[in-house]
Amino acid sequence: MSVIRMHSCLRSASLAAASILAAVLVSAPAHADDYDATLKDIQSTMGGVPSFVKQFPKAGLPGAWAEVKAIELSDKTALTPKEKSLISLAVAAQIPCSYCIWSDTENAKHAGATDEEIQEAVAMAALTRHWSTIFNGMQVDFDQFKKEMGGE
């Protein structure tokens, strides 16, 4: 068998195996144990299970909760809880998401953010949005921009 034909056969077998694995992973239902354990963990962490959590697809809740715990709720990440809340608030103000704005403001205050820090985070989001609109709308040359701003 030629090297080219062998490579083609291996590639075909790899693609077939990947397709089968993807189909199995996509069609695999979430285990009730995972979902129930997640609800218990949310209850333990938050002191209750908000009603919106029960509206989230059961198959996705364990993964979504793991992501929230590992990044947003963890104090063992590169950013402090206050910094994460201020970033999230700034993004929420731009989306805009009333739910997130309220929650992120409360979380930022709980994490020690002052009113001045909250206001500045929102102002920075507005400033970034403002200049982004100008640069993109005026189709400023990106390479020239980088050069003039001290880049390569």
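Quantities reported herein were computed from a predicted structural model and do not represent experimental measurements. (Residues numbered from 1 in each chain as written. Predicted model: local features only at pLDDT ≥ 70, side-chain atom pairs only at ≥ 80, totals over all residues. Heavy atoms only, no water.)

Draft legend 1. Region of the structure containing the packing of helix H5 (residues 81–94) against helix H6 (residues 98–110). Two elements in contact, H5 and H6, have axes whose closest approach is 8 Å; the angle formed by their N-to-C orientations is 160 degrees. Classified by the angle their axes make, H5 and H6 are roughly antiparallel. Taken as a pair, H5 and H6 cross one another with a handedness that is left-handed. Along its contact with H5, which presents Ser-85, Leu-86, Ser-88, Leu-89, Ala-92 and Ala-93, the element H6 presents Cys-100, Ile-101, Asp-104, Thr-105, Asn-107 and Ala-108. Of the residues assigned to the contact of H5 with H6, the class counts are 7 nonpolar, 4 polar and 1 charged. (Axes fitted to C-alpha atoms, helices over the stretch in contact; angles between N-to-C directions. Helix = DSSP H or I, 4+ residues; strand = E, 2+ residues; numbered from the N terminus. Parallel < 35°, antiparallel > 145°, perpendicular 65-115°, else oblique. Left-handed = near helix turned anticlockwise from the far one by under 90°. Contact = heavy atoms within 4.5 Å. Nonpolar A, V, L, I, M, F, W, Y, C, P; charged D, E, K, R; others polar.)

Draft legend 2. Representation of the packing of aromatic side chains within the structure. Taken as a whole and judged by the stated rule, the model has 2 aromatic pairs. Among the aromatic residues, those joined into a ring-pair cluster are Trp-131, Phe-135 and Phe-145. (Phe/Tyr/Trp six-rings, centres within 6.5 Å; stacked < 30°, edge-to-face > 60°.)

Draft legend 3. Representation of H6 in the model. Between the first and last C-alpha of H6 there are 18 Å, a value that for 13 residues agrees with the 18 Å anticipated at 1.5 Å per step. Among the residues making up H6, those that are buried are Asp-104, Thr-105 and Ala-108. What you see down the axis of H6 is that its buried residues fit within an arc of 105 degrees, all on one side. Across H6 from its buried face, at more than 90 degrees, point the exposed residues Tyr-99, Trp-102 and His-110. On the buried face of H6, the contacting elements are helix H4 (61–72), H5 and helix H7 (115–137). Following H6 by one or two positions, Gly-112 adopts a phi angle in the positive range, close to 105 degrees. (Expected span 1.5 Å × (residues − 1). Buried < 20%, exposed > 50% of the residue type's maximum accessible area, 1.4 Å probe, protein only. Arc of directions from axis to C-beta.)

Draft legend 4. How the structure looks around the side chain of Thr-38. Summarising the element assignment, Thr-38 is placed in helix H2 (residues 32–46). A residue is classified by how much of its surface remains accessible, and Thr-38, at 8% relative accessible area, is buried. Side-chain polar atoms of Thr-38 contact the backbone oxygen of Asp-34, separated by 2.7 Å. Leaving out residues up to four positions away in the same chain, Thr-38 has contacts with Leu-61, Pro-62 and Trp-65. (Polar contact = N/O pair within 3.5 Å; in protein donor to acceptor, adjacent residues only side chain to side chain.)

Draft legend 5. Geometry of the environment of Leu-79. Considering the arrangement of structural elements, one finds Leu-79 in the loop between H4 and H5. Excluding residues that lie within four positions of it along the chain, Leu-79 makes contacts with Lys-84 and Ile-87.

Draft legend 6. Region of the structure containing the layout of surface pockets. Empty space within the largest pocket amounts to approximately 930 Å³. Around the largest pocket sit 27 residues that line it, and Val-68, Glu-72, Leu-73, Ser-103 and Asn-107 are the ones nearest its centre. Among the secondary structure elements, those contributing two or more residues to the lining of the largest pocket are H2, helix H3 (51–55), H4, H5 and H6. Partitioning the lining of the largest pocket into residue classes produces 18 nonpolar, 6 polar and 3 charged. (1 Å grid on protein atoms, 1.4 Å probe; cavity = no way out; pocket = protein on both sides within 12 Å on 5 of 7 lines; lining within 4 Å. Points joined across faces, edges and corners; volume = space filled by probe spheres on them.)

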